[in-house]
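Here is what each chain is made of, one letter per residue.
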Amino acid sequence: MQCDICGKKKATVHLTEIVDEQMSEMHLCEECARQKSVQMEQQFGLADLLAGLSQAAPTTKETKEGALKCAGCGLNYEDFRKFGRLGCSQCYVSFSEHLAGLLRKIHGSNRHLGKAPYAFKAQVPAAVGTSAALLPSDNLEDLKKQLHGAIAAEDFEKAATLRDKIRALENS
Amino acid sequence: MKIEEFLTHTSEWLKGTGPSANIVMSSRIRLARNLAKAPFPSRSTKKDLETTLTQVEKALGHIPFLKGAAFFRMNELDQVDRQLLVERHLMSHEHASNPDGKGLLVSVEEIVSIMINEEDHLRIQVMLSGLNLTKSWDIINTIDDTLSKEIDFAFLEDWGYLTSCPTNTGTAMRGSVMMHLPALVMTKQINKVLAAISKLSFASRGFYGEGTQASGNFYQISNQVSLGHSELDIIQNINGLIRQVIEQEEQARQALLLQNRPMLEDKICRCWGLLKTARIISSQEAIELFSMVRLGIDTGILKDVSHKAVNELFIMIQPAHLQKIEAKKLNAFERDTKRAAVIRQKLVPRLD
């Protein structure tokens, strides 16, 4: 099989793209495949996606933003927008205002509900379990009604929080 | 451990055991972790990378589950050796192509592998055969807990584990399941299934990982979102989705058998014949034939071959493996010839 692009060399790379449920196939030689993959990275790079996302987020200090730098590693916020990679853990603190919106856009939430490192667990015992119990309306029926309301209103983030509260209560 | 020893070992995830192993080839969980006080690898100097590598290697030595594991420094391996580790799904292309300051730990049976200084300081992976995410999680969770007593991980209460790319922040966990879905492809339902999967924020990729096409009817399905759900919630969601896909694939297989068993038998047996007799074969063709042979085993049409044998071939027919078996560099044509020979040797019982 000959390469679909140059039509000269033997096709050794086979690419299937699915766009809007339509499947298309390409058969390429190694050289053309390499060029094609560079093109694709340029077209659909994560950096672009991130840049697009952070542009969509409300930018409060438009003029200052370019000069925003991480106090830890010195990464420019502008470079993060270009390449989509943070430089150190401190970046999360230095860019927290921007990242809060970005994380919500990517994940649909910006609150961690997973595990914590050993040392952290030792410092803050049972943090998740108690917070639900301390809320004023910890009546299971109330919470369930609120959950149905939130689902009906398509407020899924609120629904998820309510679901977790209900679970915590049911398990306590 | 020498790289050559991999050629005579079968990774646990290829053994074809575990729940739903007829449709689910393997399950994998990956956690990303970073050191709180070192810059991420992309912004590290050579010296930073070396310090991290030494510190992490030492900490890994204290983990009971990793006793007897092999440790490789990437710049001490040649290009083919590194490629072989990629082909075994133990590390990424990125880890192989830029070896300075990078390390890799591989546990016994290749259940655990840990990349050091890839995009994040640690990328821990656990891979098991069949639909086995929960067990994979138990293993990786224990390793992570033990490590976190020795290494101060980058973590914020609100945002969880901090990663180089914000798409991984939070649990920094990716669970993925490799599925073999030939009947959904043959009955032309696969695009519908894949579209539904992507609407639910799950990604699908080909057998050979990120950026590869779905070949031989293999699809890797994984979660996209890592923040806002607990690890077990994410795993439960993936399991729920995978069970539905398994059910659809099983129904499609039943339908194929009921409607046109002779056609299916003919197709499968022809593929089986080709594999056992071909003298020159590309990896693309081989993978497509393996897919049909797997379906033949699952439907009882083929009886003289095991999942394990076919699964092993998937790995062995790749370029670096073929070159290691032959112990010399091979060009594309020589590889196609060697590939056919390796397949025949595995599938045809010797006469002598």
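Owing to the predicted nature of the structure, the values given are computational and were not obtained by experimental measurement. (Residues numbered from 1 in each chain as written. Chains lettered and ligands numbered in written order. Predicted model: local features only at pLDDT ≥ 70, side-chain atom pairs only at ≥ 80, totals over all residues. Heavy atoms only, no water.)

**Student:** So what's going on with the side chain of Thr171 of chain B? Which residues, and what values?
**Tutor:** With respect to the helices, strands and loops of the structure, Thr171 of chain B is situated in the loop between strand 7 (160-161) and strand 8 (173-180). Beyond its immediate stretch of four places on either side in the chain, Thr171 of chain B contacts His112 and Gly114 of chain A together with Leu31, Arg33, Tyr161, Ser226, His229, Ser230, Glu231 and Ile234 of chain B. (Helix = DSSP H or I, 4+ residues; strand = E, 2+ residues; numbered from the N terminus. Contact = heavy atoms within 4.5 Å.)

**Student:** An account of the interface of chain B and chain A is needed here, citing residue identities and associated values.
**Tutor:** Listed by partner, the interface residues are 47 residues for chain B and 43 residues for chain A. A buried area of about 3800 Å², summed over both sides, lies between chain B and chain A, and 59% of it is on carbon and sulfur atoms. Looking only at chain B, the three residues that lose the most surface to chain A are Arg43, Trp159 and Pro166 of chain B, adding up to 18% of its buried area. Taken together, chain B and chain A are joined by six salt bridges. Of the charged contacts, one joins Lys115 of chain A and Asp144 of chain B as a salt bridge, the two residues approaching to 2.6 Å between their closest N and O atoms. When contributions to the side of chain B that touches chain A are tallied by element, the ones reaching two or more residues are helix 4 (133-150), strand 6 (155-156), strand 7, helix 6 (190-199), helix 7 (231-277) and helix 11 (332-347) of chain B. It is helix 4 of chain B that provides the largest number of residues to the side of chain B that touches chain A, a total of six residues. (Buried area = accessible area lost by both parts, 1.4 Å probe. Salt bridge = Lys/Arg side-chain N within 4 Å of Asp/Glu carboxyl O.)

**Student:** Talk me through the pairing of strand 4 (residues 112-116) of chain B; I want residue IDs and the actual numbers.
**Tutor:** Residues and elements named next belong to chain B. The element strand 4 is largely enclosed, with a buried count of five among its five residues. Here strand 4 shows two buried faces, one formed by Val112, Ile114 and Ile116 and the other by Ser113 and Met115. When strand 3 (residues 103-106) meets strand 4, the two strands line up antiparallel, connected through four bridges. Within the sheet, the bridge partner assigned to Leu105 lies in strand 4 and is Ile114. Where strand 3 folds back onto strand 4 in an antiparallel hairpin, the turn is made up of five residues, including Glu109, whose phi is positive at roughly 65 degrees. Judged from the five bridges that link them, strand 4 and strand 5 (residues 122-129) form a sheet pairing that is antiparallel. Bridging across to strand 5, Met115 finds its partner in Arg123. The turn joining strand 4 and strand 5, which pair antiparallel and follow one another in sequence, is formed by five residues; a positive phi near 65 degrees is taken by Asn117. (Buried < 20%, exposed > 50% of the residue type's maximum accessible area, 1.4 Å probe, protein only. Pairing = 2+ DSSP bridges.)

**Student:** Now, about the packing of aromatic side chains: what can you tell me, with residues and values included?
**Tutor:** On inspection of all chains with the given rule, the structure shows eight aromatic pairs over all chains. Their ring planes at 50 degrees and their centres at 5.8 Å tell us that Tyr77 of chain A and Phe80 of chain A sit as a pair that is tilted. Of this pair, Tyr77 of chain A and Phe80 of chain A both sit in helix 4 (residues 77-83), three residues apart, roughly one helical turn. Just as Tyr77 of chain A is buried, Phe80 of chain A falls in that class too. Ring-pair connections join several aromatic residues into one group, and the members of that group are Tyr77, Phe80 and Phe95 of chain A. Directly above the ring of Tyr118 of chain A sits Lys149 of chain B, whose terminal nitrogen or CZ lies 4.5 Å from the centroid. (Phe/Tyr/Trp six-rings, centres within 6.5 Å; stacked < 30°, edge-to-face > 60°. Lys NZ or Arg CZ within 6 Å of the ring centre and 35° of its normal.)

**Student:** Requested: an account of the packing of helix 7 of chain B against helix 11 of chain B, with residues and values cited.
**Tutor:** Residue and element names in this part refer to chain B. For the pair helix 7 and helix 11, the least separation of the axes is 7 Å and the interaxial angle reads 110 degrees. Accordingly, the angle class assigned to the pair helix 7 and helix 11 is roughly perpendicular. On helix 11, the residues touching Trp272, Leu275, Lys276 and Thr277 of helix 7 are Ile343, Arg344 and Leu347. The residue makeup of the contact of helix 7 with helix 11, split by class, is four nonpolar, one polar and two charged. (Axes fitted to C-alpha atoms, helices over the stretch in contact; angles between N-to-C directions. Parallel < 35°, antiparallel > 145°, perpendicular 65-115°, else oblique. Nonpolar A, V, L, I, M, F, W, Y, C, P; charged D, E, K, R; others polar.)

**Student:** Describe in detail the sheet that holds strand 8 of chain B, supporting the description with residues and values.
**Tutor:** All names here are of chain B. If you trace the eight strands from one edge of the open sheet to the other, you get 2-3-4-5-1-8-10-9, paired in antiparallel fashion. Looking at strand neighbours, the two that pair on one side only are strand 2 (70-73) and strand 9 (202-205), the edges of this open sheet. Taking each pair of neighbouring strands and ignoring which way they run, the sheet shows an average axis angle of 20 degrees.

**Student:** Quick rundown of the environment of Leu31 of chain B? Include the residues and the values.
**Tutor:** Residues and elements named next belong to chain B. Inspection of the secondary structure puts Leu31 in strand 1 (residues 24-33). The spatial distance from the C-alpha of Leu31 to the C-alpha of Val126 is 9.0 Å, given a sequence separation of 95 residues. Each residue touching Leu31, except ones within four places of it in the same chain, is listed here: Leu122, Arg123, Ile124, Trp137, Ile140, Asp144, Thr171, Ala172 and Met173.

**Student:** Report on the environment of Ala203 of chain B, specifying residues and quantitative values.
**Tutor:** Residue and element names in this part refer to chain B. Mapped onto the elements of the fold, Ala203 is located in strand 9. It is 6.4 Å that separates the C-alpha atoms of Ala203 and Asn223, two residues lying 20 residues apart in sequence. Sequence-distant contacts of Ala203, defined by excluding residues within four places in its chain, comprise Gln220, Ile221, Ser222 and Gln224.

**Student:** I'd love a proper account of the domain arrangement of chain B, names of residues and values included.
**Tutor:** Residue and element names in this part refer to chain B. Looking at the assigned domains, one finds that chain B contains domain 1 (3-249) and domain 2 (260-351). Just the C-alpha atoms count here: the centres of domain 1 and domain 2 sit 27 Å apart. Counting residues at the interface gives 30 residues for domain 1 and 23 residues for domain 2. When domain 1 packs against domain 2, the two sides together hide about 2300 Å² of surface, and 64% of this comes from carbon and sulfur. The partner of Asp81 in a salt bridge is Lys324, and the shortest N-O contact between them spans 2.7 Å. Along the contact surface separating domain 1 from domain 2 lie 14 residue pairs in polar contact (both at pLDDT 80 or more). Per-element accounting of the side of domain 1 that touches domain 2 gives the leading share, six residues, to helix 2 (residues 79-87). (Domains from an automatic or database assignment. Polar contact = N/O pair within 3.5 Å; in protein donor to acceptor, adjacent residues only side chain to side chain.)

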